[in-house]
Amino acid sequence: MIDYSPLEAWFFTGSQHLYGPEALERVRANSEAVVAGLNGSGALPVRVVFKGVLTTPDEISAALREADAAPNCIGVIAWMHTFSPGKMWIGGLSRLRRPLCHLHTQMERDIPWSTIDMDFMNLNQSAHGGREFGYICSRLAIERKVVVGHWREPMVQERVAVWLRASAAWHDSQGMRIARIGDNMRQVAVTEGDKVEAEVRFGYAVNGYGLGDLVAHVEAAEEAAVDALCEEYADSYTIMEGLLPGGARHSSLREAARIELGLRRFLADGGFHAFTDTFENLHGLRQLPGIAAQRLMADGYGFGAEGDWKHAALVRSMKVMAHGLPGGTSFMEDYTYHLETGGQAVLGAHMLEICPTIAANTPSCEVHPLGIGGREDPVRLVFDAAAGPAVNVTVVDMGDRFRMVVSEVEVIEPLALPKLPVARALWEPRPDLETAAAAWIHAGGAHHTGFSLALTAEHLEDFAAMAGVECVFIDGETELRRFRRELR
């Protein structure tokens, strides 16, 4: 469902002919060494490919056009080994559509104090050339990431890796297909939005489908496939008494398996990356999809409840960014507060659809009443989220622009919740619940979110920059007056 192996980031080095052919050969050799070192570090999730030393306006324009046209190129890394006059870059940069990372580094970490001469100074001008490149990017209002430090340093490699993950998600977003099965929950404001502007801004397309399109696939599920999937459930999870073959509720498990099989076929046939459903549109389904949505998210699909297509897309993009990282990523909802003085926390959950990749332990497969939707009791996976630092993220339509809000939280272990039959996460927001909740509300953040134990705020910051959308952060340094001024 998510595969980084075909993807590449193209590496270009800026220089000029002023220094002569011998110096340019050294620039080329050094560039190849830097790229080999980055790829050999084991820190980068996507392969970096050296594409040459650029020394003229025509070379630069042609190289960046080629990068834009290459289907597997997800972004461009630029290094100014020497001084590279900024006017040479205007034509290429002004048309560049791929994400850009300015790697502000130099070949050797240290100044050779006893031997340094003007030949060394002329060749190793990153401190000088990088400022010229930075100026022309700023003059052209080119959004880019700037990574500063020696290329062998793990922190530098990690910051490049974060940008590569965001670039992979941005690449995935271009042409992402999202299926709205049914419609938005009635009368809810924040799950609505401008789908045309979303496609212009983010690249993904959102289209609606009737329940009959899904129900036909559910009804076509073969009994042998239902049997096999029920066995997979039994092998993968702790199964509630009565759900196994011969049990009083086994028919509920079979129906949940049938829905999962049908939903998988519907999504595969349509080439979809994400989907929504809503408990208000269930005609033809005996259960609201619970375990089906959870397991599809675990496989990399984006999901949004109640027709919330913006968060279905966000969850998919966060899944792509987090691919291969420890920790999980899920659709989430801020549900209820614990307001004990000195121990304030948020209990996040949803009716059914929380991804098991965030589970601390083996989930339990259970069936319980839902209380809404007017259908049979749905099957779902129940678990507590693993403890650790996480981000809670929302994207909202402000009418004239999209806004992303990123909140840093610390997931903690909850007390026993024996009567709460849903997956859940308990977290302490940074800097505290009072400040974080007020900041979120002032920013217009939704009650639905993308939640991740794998990503950091920097991943989302890079992604928002690529999309050109407003992004605000709620973290340990947030002070409400300053935050409100930032919003204004």
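Up top is the structure these notes are about.
Definitions and cut-offs
- Residues numbered from 1 in each chain as written.
- Predicted model: local features only at pLDDT ≥ 70, side-chain atom pairs only at ≥ 80, totals over all residues.
- Heavy atoms only, no water.
- Helix = DSSP H or I, 4+ residues; strand = E, 2+ residues; numbered from the N terminus.
- Buried < 20%, exposed > 50% of the residue type's maximum accessible area, 1.4 Å probe, protein only.
- Contact = heavy atoms within 4.5 Å.
- Areas by Shrake-Rupley, 256 points an atom, 1.4 Å probe, with all protein chains shown as cover.
- Lys, Arg positive; Asp, Glu negative; His and termini not counted.
- Charge placed at Lys NZ, Arg CZ, Asp CG, Glu CD.
- 1 Å grid on protein atoms, 1.4 Å probe; cavity = no way out; pocket = protein on both sides within 12 Å on 5 of 7 lines; lining within 4 Å.
- Points joined across faces, edges and corners; volume = space filled by probe spheres on them.
- Nonpolar A, V, L, I, M, F, W, Y, C, P; charged D, E, K, R; others polar.
- Core = buried A, V, L, I, M, F, W, Y, C linked by side-chain atoms within 4.5 Å.
- Patch = residues over 30% accessible without salt bridge, like charges linked within 9 Å, V, L, I, M, F, W, Y side chains within 5 Å.
- Salt bridge = Lys/Arg side-chain N within 4 Å of Asp/Glu carboxyl O.
- Pairing = 2+ DSSP bridges.

A. The overall build of the chain, seen in detail. A tally of regular secondary structure across the chain gives 15 helices and 19 strands. Projected onto the principal axes, the alpha-carbon positions of the chain cover approximately 85 × 55 × 40 Å. Taking all 488 residues of the chain together, the buried fraction comes to 55%. Pairs at least 24 apart in sequence give 79% of the contacts found in the chain among residues at least 6 apart. As displayed, the chain offers around 20900 Å² of accessible surface, 50% of which is attributable to carbon and sulfur atoms. Looking at charge distribution, the chain has the averaged site of its 44 positive side-chain charges lying 4 Å from that of its 64 negative ones.

B. Broad picture of helix H11 (residues 291–298). With 7 of 8 residues buried, H11 is to be regarded as a mostly interior element. Of the residues trailing H11, Gly300 is marked for its positive phi of about 115°.

C. Here's a closer look at empty space enclosed by the protein. The tally for this structure, following the rule as stated, stands at 1 cavity of 30 Å³ or more. Taken as a whole, the largest cavity holds about 70 Å³ of empty space. Lining the largest cavity, in full, are Ser173, Phe202, Tyr204, Lys310, Ala313, Leu314, Ser317, Val395, Met404 and Phe463. Among the elements that make up the lining of the largest cavity, the one with the highest residue count is helix H12 (residues 309–322) (4 residues). When the residues that make up the lining of the largest cavity are grouped by side-chain class, the tally is 7 nonpolar, 2 polar and 1 charged.

D. Inspection of the nonpolar core at higher detail. One finds Phe11, Ile77, Ile178, Phe202, Tyr204, Met404 and Leu460 to be the most contacted residues of the largest nonpolar core, which totals 65 residues. Dropping the residues within four chain positions of it, Tyr204 is found in contact with Ser173, Met176, Ile178, Ala198, Glu199, Trp309, Lys310 and Ala313. If you look at the next biggest cluster of nonpolar residues, it comprises 33 residues, including Leu229, Cys230, Ile354 and Ala390.

E. Layout of a positive patch on the surface. A contiguous patch of positive charge, built from Arg481, Arg482, Arg484, Arg485 and Arg488, is present on the exposed surface. As for its position among the elements, Arg481 is in helix H15 (residues 480–487). In this structure Arg481 comes out as exposed when scored by relative accessible area, which is 64%.

F. Main features of unusual backbone geometry. A cis amide bond, omega 0°, links Arg430 with the succeeding residue Pro431. Here Pro431 is to be found in the loop between strand E17 (424–429) and helix H13 (433–442). If you check the backbone angles, Ala141 has positive phi at about 55° while not being a glycine. The topology assignment puts Ala141 in the loop between helix H5 (126–139) and strand E5 (145–148). Given the relative accessible area of 69%, Ala141 is considered exposed. Despite not being glycine, Glu306 has its phi angle at roughly 55°, a positive value.

G. How the structure looks around the layout of surface pockets. Here the largest pocket defines a volume of roughly 790 Å³. What lines the largest pocket is a set of 27 residues, among which Arg97, Pro99, Glu143, Ala465 and Met466 lie closest to the centre. Listed by contribution, the elements that provide at least two residues to the lining of the largest pocket are strand E3 (73–80), helix H6 (154–173), helix H7 (195–202) and helix H14 (457–467).

H. Broad picture of the pattern of salt bridges. By the definition in use, this model includes 25 salt bridges. Of the charged contacts, one joins Arg264 and Glu260 as a salt bridge, the two residues approaching to 2.9 Å between their closest N and O atoms. Here Arg264 and its partner Glu260 are both found in helix H10 (residues 250–270), 4 residues apart, which amounts to about one turn of the helix. Residue class for Arg264 comes out partly exposed when judged on its relative accessible area of 25%. Of the charged contacts, one joins Asp384 and Arg424 as a salt bridge, the two residues approaching to 2.6 Å between their closest N and O atoms. Taken together, the residues span a long stretch of sequence, with Asp384 in the loop between strand E14 (379–382) and strand E15 (388–397) and Arg424 in strand E17 at a distance of 40 residues. Taken together, the salt bridges that share partners define one network made up of Glu223, Asp227, Arg254, Glu255, Arg258, Arg286 and Glu376.

I. Quick look at the pairing of strand E4 (residues 100–104). For E4, the tally of buried residues reaches 5 of 5 residues, placing the bulk of the element in the interior. Because side chains alternate across E4, one face comprises the buried residues Leu100, His102 and His104, and the other comprises Cys101 and Leu103, equally buried. In this sheet, E4 lies alongside E3 in parallel orientation, the contact comprising 3 bridges. Across the sheet, Ile77 pairs through a bridge with Cys101, a residue of E4.

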